[in-house]
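One-letter residues, chain by chain:
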Amino acid sequence: MNSNASHTQKVDYDVLVIGGGHAGTEAAHAAARMGSKTALITLNRSRIGYLSCNPAMGGLAKGQLIKEIDALGGIMGMQTDKATIQYRRLNSSKGPAVRSSRAQCDKPLYAVKMQETLVRIQNLEILEIEVADLLSVSEKGFSKITGVRLRDGSVIKARCVVVTSGTFMRAVMYTGFDKSEGGRVGDEAAKTLSRSIEELGFKLRRLKTGTPPRLHKDSIDWSKTEVQPGDEKPTPFSFYYRSESFPELRQTECFITYTNSKTHDIIAENFDLSPMFTGMIQGVGPRYCPSIEDKVKRFAEKERHQIFLEPEGLNVPEIYVNGMSTSMPVSVQEAFIHSISGLENAKFLLHGYAVEYDAVDARMLGATLESKDVKGLFFAGQVNGTSGYEEAGAQGLIAGVNASLSSQGKAAFTLGRSDAYIGVLIDDLILKGSDEPYRMFTSRAEYRLHLREDNADLRLSPKGHSIGLLSEKSYSQFVEKRNGIEKLFSQVHEEFLYPNVATNEWVKSKGLSLLKDKTSLATFLKRPEVTMDLLSEMDGRVPFDLSSTPSDVSEQVEIQVKYAGYIQRDLEMIAGVEKNEKMRVPAGLNYEQVPGLSNEILNAFKEARPETIGQAGRLMGVTPAAVANLLIHLKMLDKGAHPHV
């Protein structure tokens, strides 16, 4: 088949997205928004965008991912703001590199708002059907996706397919020794898709996730718990959307309680009833979000574990018991829950359970999340071995964008480790894979002062606009904000305070050391005790009106001024690695011809098939000498020299 034929042959859709979870919704929106005829395939359209587990969005490092999705033109941040019932900015007292936003959501409302958004998107059709097989053809030595076969035997043709099957492939749920098929309570498993993916040459592995009990809010003694309120001044997730009720929205309260020695004894006495400890569950669970039985076993010295009681909505009775994920039998769950202060008489609305499912080896994917072996086939979300809504949404956006670009014959779009947390996430997945569900942390990002959540729009919105994902209206808002930041940044460097009596009296009244010399506002702002809010109180001593400056503009200038040296150091480091980071490695390179490689490094290159020199250097066990040999070999090939000369 001619390589250009795929762009002219008759197809039903440009992009097919399989799965309506957080990866699927972002992928479908992105592809359709960028002009591709798109279909979102789901087993149950009423479950599109459903929050399967935690009723919250964001958190440490995860807040950055949502902000980046929004900055590029995605929809997760907007839906979060529509459904939020409590905002909290974590690490607000620490430096900007580790601050992360978190929102408690109304679970039913989030799904409703996501579904309302998707049905209004041009070029997008939602199909309530089940995919049985992926279809492909051989084309010039490699495979190319052509569409899917449905359970009833009919075929849908497509130029690109994005698999976002979440935890549903060959999924089995466990509560004690009771097990049933399904990716979550009330939803069927995807039974045949795993086989079809394996037949295309993909390696699958079994992973495990879990969920805690849900309790009736009226059965909890709240007087025995600690209140956890939201922020007085909430920070929205979306840079471009504001609900009518923001910031005066109704914020609910969350609550904290703790396990105790009795709780731990009940769990420990029943380890032999746990499907995780008896070998029934073979899949590997998330190390950083362990079940309560795993916590009790691994941290036996701890006297108690913190438990968060989180409302699942304003008008629903469910309370999510965060920190108590479990697959223990029903009777054991009830015993240990009732041993906890405030939960002595708690009524169960849903017992906890574990889910074991198939995931692909993400090392078989490129930075676009397209298969290295099957052209037009993309994977995103938990099927790639990640955990969390935010990680899924980030992958979905990148896969959807690139599926759309591929279907239109356009150049790919990728993000590197210095561009975004999204780039860190994908780079980690495709180079290292995941032996356990991958979770994003700020510590994974080597340039985290540059990759802050507050500047995600400055980093990414021009990129989102250039590929046709971020709307003209949103981009105009961005340009206005960027101009405001540049103007204020110049003003604080060009305007000065003078050590006269009136100014020093004001400075002294604020408990600050007196001015001795003419001082720029930027230099004054570098003092740890001085903020933009404090400058706005200077009663005419500042020659421009800071009180009317938008808070996001003044916050950005304050951060840029206070952390200028550190930010510049990061930017210089980024510039130093860019050259090799972007140098391409040919897809079909014969690594056997690269001199000086050990068998270990040779096997690492063959398995990972790095796309750039930067990726090659980050592979486990690869030495700087090996990367140098690879560079020399590539330069020889470019010159047409014999590889061994």
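Each value, and the rule that gives it
- Residues numbered from 1 in each chain as written.
- Predicted model: local features only at pLDDT ≥ 70, side-chain atom pairs only at ≥ 80, totals over all residues.
- Heavy atoms only, no water.
- Pairing = 2+ DSSP bridges.
- Helix = DSSP H or I, 4+ residues; strand = E, 2+ residues; numbered from the N terminus.
- Axes fitted to C-alpha atoms, helices over the stretch in contact; angles between N-to-C directions.
- Phe/Tyr/Trp six-rings, centres within 6.5 Å; stacked < 30°, edge-to-face > 60°.
- Buried < 20%, exposed > 50% of the residue type's maximum accessible area, 1.4 Å probe, protein only.
- Lys NZ or Arg CZ within 6 Å of the ring centre and 35° of its normal.
- pLDDT = per-residue confidence, 0-100.
- Contact = heavy atoms within 4.5 Å.
- Disulfide = S-S within 2.5 Å.
- Core = buried A, V, L, I, M, F, W, Y, C linked by side-chain atoms within 4.5 Å.
- Expected span 1.5 Å × (residues − 1).
- 1 Å grid on protein atoms, 1.4 Å probe; cavity = no way out; pocket = protein on both sides within 12 Å on 5 of 7 lines; lining within 4 Å.
- Points joined across faces, edges and corners; volume = space filled by probe spheres on them.
- Nonpolar A, V, L, I, M, F, W, Y, C, P; charged D, E, K, R; others polar.
- Salt bridge = Lys/Arg side-chain N within 4 Å of Asp/Glu carboxyl O.
- Left-handed = near helix turned anticlockwise from the far one by under 90°.

K.L.:
Pulling in residues and values, what's your account of the sheet that holds strand E15 (residues 254-258)?
P.N.:
Spatial ordering of the open sheet is given by E14-E15-E16-E17-E13-E18, a layout of 6 strands whose pairing is antiparallel. Across the chains shown, the open sheet's two edge strands, defined by having one partner strand only, are strand E14 (226-228) and strand E18 (348-350). Ignoring which end each strand starts from, the neighbouring axes of this sheet average 35° apart. Of the pairings in the sheet, the one linking strand E13 (residues 214-216) to strand E17 (residues 318-322) comprises 3 bridges and is antiparallel in character. What sits directly across from His-216, in E17, is Glu-318.

K.L.:
Could you give an account of the packing of aromatic side chains, with specific residues and numbers?
P.N.:
Enumeration over the complete set of coordinates arrives at 5 aromatic pairs. Ring geometry for Trp-222 versus Phe-255: centroids 4.5 Å apart, planes at 40°, classification tilted. Of this pair, Trp-222 sits in the loop between E13 and E14 while Phe-255 is found in strand E15, placing the two residues 33 residues apart along the sequence. Its relative accessible area of 26% is what places Trp-222 among the partly exposed residues. On the accessibility criterion, Phe-255 (12% relative accessible area) is buried. The cationic tip of Arg-304 hangs over the ring face of Tyr-258; the distance from NZ or CZ to the ring centre is 3.6 Å. Above the face of the Phe-496 ring, Lys-518 is positioned so that its terminal group lies 4.4 Å from the ring centre.

K.L.:
So, the confidence of the model for the protein: which residues are in play, and what are the values?
P.N.:
Counting all residues, the mean pLDDT for the protein is 90, and 95% of those residues have values of 70 or more. Per-residue pLDDT stays below 50 along residues 641-645; that stretch engages in 8 contacts with residues further than four places along the chain or on separate chains.

K.L.:
Which residues make up the state of the cysteines, and what are the values?
P.N.:
Applying the stated rule across the entire model yields 0 disulfides. Note on Cys-105: no disulfide assigned, nearest cysteine sulfur contributed by Cys-254 at a separation of 11 Å.

K.L.:
Account for the nonpolar core, with residues named and values stated.
P.N.:
Counting residues in hydrophobic clusters, the biggest one holds 118 residues, and the most contacted among them are Leu-134, Val-148, Val-161, Leu-377 and Ile-422. Residue contributions to this core peak at 9 residues, all from helix H9 (residues 389-407). Within the second largest apolar cluster, 23 residues are counted, among which are Ile-485, Val-507, Ala-522 and Val-557.

K.L.:
For H9, give the residues involved together with the corresponding values.
P.N.:
End to end, H9 covers 26 Å across 19 residues, agreeing with the expected 27 Å (1.5 Å per residue, within 8%). Counting buried positions along H9 gives 19 out of 19 residues, so the element sits mostly inside the fold. Remark: Gly-409 follows H9 within two positions and exhibits a positive phi of approximately 70°.

K.L.:
Requested: an account of empty space enclosed by the protein, with residues and values cited.
P.N.:
Over the atoms, a rolled probe matching the size of one water molecule traces out where space is still vacant. Within this structure, the stated rule accounts for 1 cavity of 30 Å³ or more. Empty space within the largest cavity amounts to approximately 30 Å³. For the largest cavity, the full set of lining residues is Ala-367, Ile-398, Thr-414, Leu-415, Ile-422, Gly-423 and Ile-426. Here the element with the most residues in the lining of the largest cavity is helix H10 (residues 421-432); it accounts for 3 residues. A class-by-class count of the residues in the lining of the largest cavity yields 5 nonpolar, 2 polar and no charged.

K.L.:
Account for the layout of surface pockets, with residues named and values stated.
P.N.:
Size it by volume and the second largest pocket reaches roughly 1,600 Å³. Along the wall of the second largest pocket there are 49 residues; nearest its centre are Pro-550, Ser-551, Asp-552, Ser-554 and Glu-555. Only helix H12 (472-494), helix H15 (532-535) and helix H16 (551-562) provide two or more residues apiece to the lining of the second largest pocket. Here the residues of the lining of the second largest pocket are counted per class, giving 17 nonpolar, 13 polar and 19 charged.

K.L.:
Quick rundown of the pairing of strand E2 (residues 38-42)? Include the residues and the values.
P.N.:
Here E2 lies mainly inside the structure; 5 of its 5 residues are buried. Burial along E2 is two-sided: the face carrying Thr-38, Leu-40 and Thr-42 and the face carrying Ala-39 and Ile-41 are both buried. Across 4 bridges, the pairing between strand E1 (residues 13-18) and E2 is parallel. In the strand pairing of E2, Leu-16 is matched with Ala-39.

K.L.:
Outline the pattern of salt bridges, supporting the account with residue identities and numerical values.
P.N.:
Throughout the structure, instances matching the rule amount to 36 salt bridges. For Glu-130, the salt bridge goes to Arg-151, with nearest N and O atoms at 2.7 Å. Here Glu-130, found in the loop between strand E6 (124-128) and strand E7 (131-139), pairs with Arg-151, found in the loop between strand E8 (142-150) and strand E9 (155-163); they are 21 residues apart in sequence, far enough to count as distant. With a relative accessible area of 13%, Glu-130 lands in the buried category. Here Arg-609 ties to Asp-373 by a salt bridge, and the two come within 2.8 Å at their closest N and O atoms. Placement of the pair is Arg-609 in the loop between helix H18 (599-608) and helix H19 (613-617) and Asp-373 in the loop between strand E19 (353-360) and strand E20 (374-375), with a sequence separation of 236 residues. On the basis of relative accessibility, which here comes to 26%, the residue Arg-609 falls in the partly exposed class.

K.L.:
Describe unusual backbone geometry, and please don't skip the residues or the numbers.
P.N.:
Peptide bonds are, in most cases, trans, and in most cases residues other than glycine have a negative phi. Of note, Arg-170 is a non-glycine position whose phi angle comes to about 50°, a positive value. Position of Arg-170 among the secondary structure elements: in the loop between E9 and strand E10 (172-175). Judged by its relative accessible area of 32%, Arg-170 is partly exposed. Positive phi, close to 45°, is recorded for Arg-609, a residue that is not glycine.

K.L.:
For the packing of helix H11 (residues 456-466) against H12, give the residues involved together with the corresponding values.
P.N.:
For the pair H11 and H12, interaxial distance at closest approach is 10 Å and the crossing angle is 145°. Both H11 and H12 take part in a crossing whose hand is left-handed. Where H11 abuts H12, its residues Asp-457, Leu-458, Ser-461, Pro-462 and His-465 lie against Glu-472, Tyr-475, Phe-478, Lys-481, Arg-482 and Ile-485.

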